[in-house]
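The lines below spell out each chain.
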Amino acid sequence: MKSIRRLPFMLRAASAAAAAALLLTSCGGAANEGEIPVLPQEELVAGAPISAEDSVIREEAGALSMDCDLSAGTLTVTDARSGAIWSSAVDMERFGITTNKTWTAYMQSLFAFSYVDVEADNGVVQKAYSANEPADVKAEKIPGGVRLRYRFTKTKIQITAEIRLDQEGLRFTLPAKGIAEEGKYGLVSVEVLPFFGAADHTVDGYILFPDGSGSLMDYADYQNRPANVKTYRLPVYFPDAVTQSTLVGSSAAAMLPVFGIRQGENGFIAFATKGEADGEILVSPEGANVALNRCAFAFRYRNNYEAKTAADYQRSAEAAEKEVVHRYDEKPCLRDREVSYRFLTGGASYDAMAVAYREYLQSRDLLPEKAATPAMHLDIFMGVKDQGFLWDEFLALTTYRQAADILEELAADGAEALRLRLIGWSAGGYGADPGQGKPESGLGGRKELQSLAETAAALGIPTALQTDLTSADAKSSGFSVRRDAVQTGGLTVLTDEAESWYLLNPAAVRRRQAAVMKQMVETTMGLALAGGGSRLYPDYCEANPTDRTDALLNWQTVLRKMKEEGRPAAIQGGNQYVLPYADWLYDIPEEDSRSPLSSRAVPFYQIVVSGSIPCSGAAGNQAYDRQQQKLKWVEYGCAPTFEVTHGDPVLLRDTAYNQLFSSRYADWAGTIREVYREFTTDLAPVFGQPISSHRQVEAEVYETGYANGCRVLVNYGEQERKIDGRVVPAADYLLITP
C-alpha cells in the first residue's frame, strides 16, 4: 500500500470545548446532502406453525437434501451426487473427542452469540450457545426451510434464524427484524454454523481463507503449527477497530467475504451475501482448544472502542494505555445478515472454489463478465515537497510534458495498450492534501495537464489521477473538523499527533470527489482512488451517524458517479463492493500475510477477477528479482506493472515518497518495451483471459489453466524441469496452446 501517505494516526480525545462543539454542530453537512442509499430489511412474513410431532423438517432441492432436527437443534445437508454429508454438529465419537460441557454445546450449536451488560458498560463479553442456553424456541415452516425464533431466558435477547435450501445451496439468514433486546444485555456478535464441516487431520482436506491473494490451511500440517496456536480472526474489508496500524495497512482483512472447506473430492464455499461489512471470518486450526479444523462467519452487532477521557492524555502514554477501557456501542447495528453455502463435488479444489465464486458474482452483476483489452499498467510519479529546515522545496520528478513524452515514445515503439496512473500530480505533489484537485504549477500547470490528457486520449490510454478522498489537511481550504472529520465512540476524532490530518466522513468524501472531478471537466481522465478498495470505517457523529454498510454504499455512490460520467476508475485494493465499478485494480496482494495458520499462498483472488477486471501487484522495477516478479505476473494472470520517473529517484531520499530506488524511465525503457512485447505477443493467448485452474505440479513449478484451453507452466527453480514430456527452462515459463 505504498501510495497512501503514512502518518502516525492515533485516537485523540476531544477537549471539553471541542466535545460540546461537536455535539452542537451537524456532522457531514446538511441532511439534504445524504446521498447514501437505504437498504431495505427483510420482512418476517408469518410462517406455518410446526407441531411438536414434526421434530425433523426435511427439504429437497435437486441433488441436495436438508434435515433440520428441531429437538436436537442441528442441521444436516446431504449431496446425492457424491454422498457427502455436511453437519452442523460434530460427531464426537468419530473424531474421538472428549471435552467439557461448554465445548460440547459449542460443537452442537447452530450458532453461538456473545453479549455484554449494556447497563454496567464495563466491556466484559460473555458467550452463549444455541444448543444449551435456556430459551423458548418457536419453529415456523417457511418456503424452502424453517424459521427458528430463540428467546433466551437469561439475557432476554431474541435471535431469529431462517434456514433455507434451494438448488443453488443452503442459506442461513439472521433477519434484522428478528433481533430484539428486552433486558439489560446487548447482543455483540453471532457466529453462524461454527462447526459446519469441521474435521481433523485424518481427513484429506484444507480450509481456504481470503487472506491476501488467498491462503490454505492444510489439515496435514497440524503438527507444524505453534503450540499456542489460536483462532485467526480475519475481518471482512477492513479491521473493525480504526487504529494507527489499520490505517497504514499493516492489518490483514478479507477483500472477498468468502471461505472454502475441502474434504477429499468434496467441499463447499461459504460467502456472506448480506451484512458482510460487519462480518469476520474465524479460522480455527486443530489444536486451538479442540482437535478440529473449522471455519465460520461471525457478524458484529456492536463495535467496541477505547474509551479515554481528556485526562488520560495529560498522563504519560504508558499510564493512559494501562487504564484504557474497552466499551461497546449503546445500541446495536441492526441489518440483515446472511451466509450462503455452495456445495462442490468431483474435485473441490481452491481453484474450483474460485471459479464457482466468480460465476456467482457474475450471476448477480457483482463482477463484470468481460474485461477490457489487456494492457500494461504504467505508473508515473510526478512530484513531492522536500521539507527543509527553513522552507519547503517542490521536487518535480516528472512534469506533465515529460509524462506525455514517455507515452508518445512508447506508442512510437508500438506500446499503446497501457493504463496510466499519475501519482503526486496535484498542487503540492504526493502527500499534500488534494483539496480542490488543482494541478501543480511546478509540473506545468493546468495547460500542460490538459495537454497530457489530450495526448493520452489520442493514444487511447485510460488515465487516472491518484487521489486520497479519505483524509484531509486541517489547513485545507473549506475543511472543518466538526463537519468533515470522522468521530469514534466516546467523542474522539481520528488525527495525527499534531492534529493536522483527519479521516473524512462519507459526506466529506463525496464533496471532495465532486471538487476534484470539477477540475477534470474538460478531460476524459478519471481517478485512482487510494484506499478506495481497502478502507471502510463507521462514523459515530450523533447528528448523522453511518455504519460500515453506509460507508460501503457511499463508496459505491462515488464510483457510480464516475461510471455515469464515463471516467475510468482505478482502485487501490479490491474489496468486493468496488468490483462492479472498477476499470482496474492496483496494489493487489500477491501473497498472504503469512499467518501461523497458512500452509501456502494461492492466487484465489486473482482467479476470481481474472477475465473480468485487470489487476496488478508489485512494480517490476521495484522487485528484488525482476525475473521472479515477471513469473509471478505470468502465474497469477496479473498485468505487468512499472512505476517510472523522468528524474533520478535519489532526489526522493528524504521525502515522504522514498520507496523508489530505480525508476528513471531512460534506464527502464528497453525493459518496459521488452515486457510489453512479451505479454501482448508471446503471451497473447492467455493475457487477460479467465483462469480456469491452478495447481502446484511439483516443487517450484506451477500450472495455470485458462478457459480457452491454454496452459502455462511456471518454473521458479534454478534447474530446468521436465513436465509431461515438456521441458520448462529454469526461472522461466512454457506456454502450451490447444
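What comes next is a walk through the structure. Computed from a prediction, not measured in an experiment: that's the story for all the values here.

### Looking at the overall build of the chain
- Tallying secondary structure elements over the chain gives 13 helices and 44 strands in all.
- Whereas a compact globule of 738 residues would reach a radius of gyration of roughly 27 Å, the chain reaches 27 Å, a difference of no more than 12%.
- With the principal axes as the frame, the chain shows a C-alpha extent of 80 × 75 × 45 Å.
- Every one of the 738 residues in the chain was classed for burial, and the buried ones make up 57%.
- Partitioning the contacts of the chain with sequence separation of at least 6, the portion at a separation of at least 24 is 67%.
- Within the structure as shown, the chain displays about 29,300 Å² of accessible surface, and the carbon and sulfur contribution to it stands at 48%.

### Brief notes about the packing of aromatic side chains
- Applying the stated criterion across every chain, the model contains 33 aromatic pairs.
- Among the aromatic residues, those joined into a cluster by ring pairs are F111, F113, Y115, Y150, F152 and Y185.
- One cation-aromatic arrangement involves R337 over Y301; the distance from NZ or CZ to the ring centre is 4.1 Å.
- Note that R421 overlies the ring of Y586, its terminal NZ or CZ placed 3.8 Å from the centroid.

### Observations concerning the sheet that holds strand β3 (residues 56-61)
- Strand order in the open sheet formed by four strands is β3-β4-β5-β6, with antiparallel pairing between adjacent strands. The open sheet has two edge strands, β3 and β6 (84-87), and neither has a second partner. The average undirected angle you get between the axes of adjacent strands in this sheet is 15°.
- Direction of pairing for strand β4 (residues 64-69) relative to strand β5 (residues 74-79): antiparallel, over a ladder of six bridges. When the bridges of β5 are listed, D67 appears paired with T76.

### Things to note about the packing of helix α6 (residues 400-412) against helix α13 (residues 665-682)
- Where α6 contacts α13, the two axes come as close as 11 Å, and the packing angle between them is 30°. One finds that α6 runs roughly parallel with respect to α13. Where α6 crosses over α13, the handedness of that crossing is right-handed. Where α6 abuts α13, its residues I406, E409 and L410 lie against Y665, A669, I672 and R673.

### Regarding the packing of helix α9 (residues 506-519) against helix α10 (residues 548-564)
- It is at 10 Å that the axes of α9 and α10 come closest, and there the two elements cross at 15°. Classed by the angle they form, the pair α9 and α10 counts as roughly parallel. When you trace α9 past α10, the crossing you get is right-handed. On α10, the residues touching P506, V509, R510, Q513, A514 and M517 of α9 are N554, T557, V558, K561 and M562.
- Each residue belonging to the contact of α9 with α10 can be placed in one class, and the counts come to six nonpolar, three polar and two charged.

### Focus on the sheet that holds strand β34 (residues 526-529)
- In spatial order, the strands read β36-β35-β34-β29-β28-β25-β38; together these seven strands make up an open sheet with parallel pairing. Strands at the two margins of the open sheet, each flanked by one partner only, are β36 (584-586) and β38 (641-644). For this sheet, the mean inter-axis angle between neighbouring strands, taken without regard to orientation, is 25°.
- Note: strand β35 (residues 569-572) against β36, three bridges, orientation parallel. Note on β36: the bridge partner recorded for Q572 is Y586.
- Those strands touched by α6 are β25 (376-381), β28 (418-423) and β38, and its axis lies near 155° from that of β25.

### Description of the pattern of salt bridges
- Here the structure, examined in full by the defined rule, presents 41 salt bridges.
- The salt bridge involving D682 is made with R677; its shortest N-O contact spans 3.2 Å.
- Since its relative accessible area comes to 37%, D682 is described here as partly exposed.
- The exposure class assigned to R677 is partly exposed, which follows from its relative accessible area of 41%.
- In the salt-bridge network here, residues are joined through shared partners; they are E42, E140, R147, R149, E162, R164 and K274.

### A short note on the side chain of T74
- Along the chain, the position of T74 falls in strand β5.
- Apart from the residues within four sequence positions on either side, T74 is in contact with D67, C68, D69, S88, A89, Q108 and L110.

### Section: helix α7 (residues 445-458)
- End to end, α7 covers 20 Å across 14 residues, agreeing with the expected 20 Å (1.5 Å per residue, within 8%).
- Within α7, the full set of buried residues consists of G445, L449, Q450, L452, A453, T455 and A456.
- Looking at the packing, one finds that the buried side of α7 touches α6, β28 and β29 (463-467).
- Once α7 finishes, G460 follows within two positions and takes phi at roughly 70°, a positive value.

Rules behind the numbers
- Residues numbered from 1 in each chain as written.
- Predicted model: local features only at pLDDT ≥ 70, side-chain atom pairs only at ≥ 80, totals over all residues.
- Heavy atoms only, no water.
- Helix = DSSP H or I, 4+ residues; strand = E, 2+ residues; numbered from the N terminus.
- Rg over C-alpha atoms; globule rule 2.2 N^0.38 Å.
- Buried < 20%, exposed > 50% of the residue type's maximum accessible area, 1.4 Å probe, protein only.
- Contact = heavy atoms within 4.5 Å.
- Areas by Shrake-Rupley, 256 points an atom, 1.4 Å probe, with all protein chains shown as cover.
- Phe/Tyr/Trp six-rings, centres within 6.5 Å; stacked < 30°, edge-to-face > 60°.
- Lys NZ or Arg CZ within 6 Å of the ring centre and 35° of its normal.
- Pairing = 2+ DSSP bridges.
- Axes fitted to C-alpha atoms, helices over the stretch in contact; angles between N-to-C directions.
- Parallel < 35°, antiparallel > 145°, perpendicular 65-115°, else oblique.
- Left-handed = near helix turned anticlockwise from the far one by under 90°.
- Nonpolar A, V, L, I, M, F, W, Y, C, P; charged D, E, K, R; others polar.
- Salt bridge = Lys/Arg side-chain N within 4 Å of Asp/Glu carboxyl O.
- Expected span 1.5 Å × (residues − 1).

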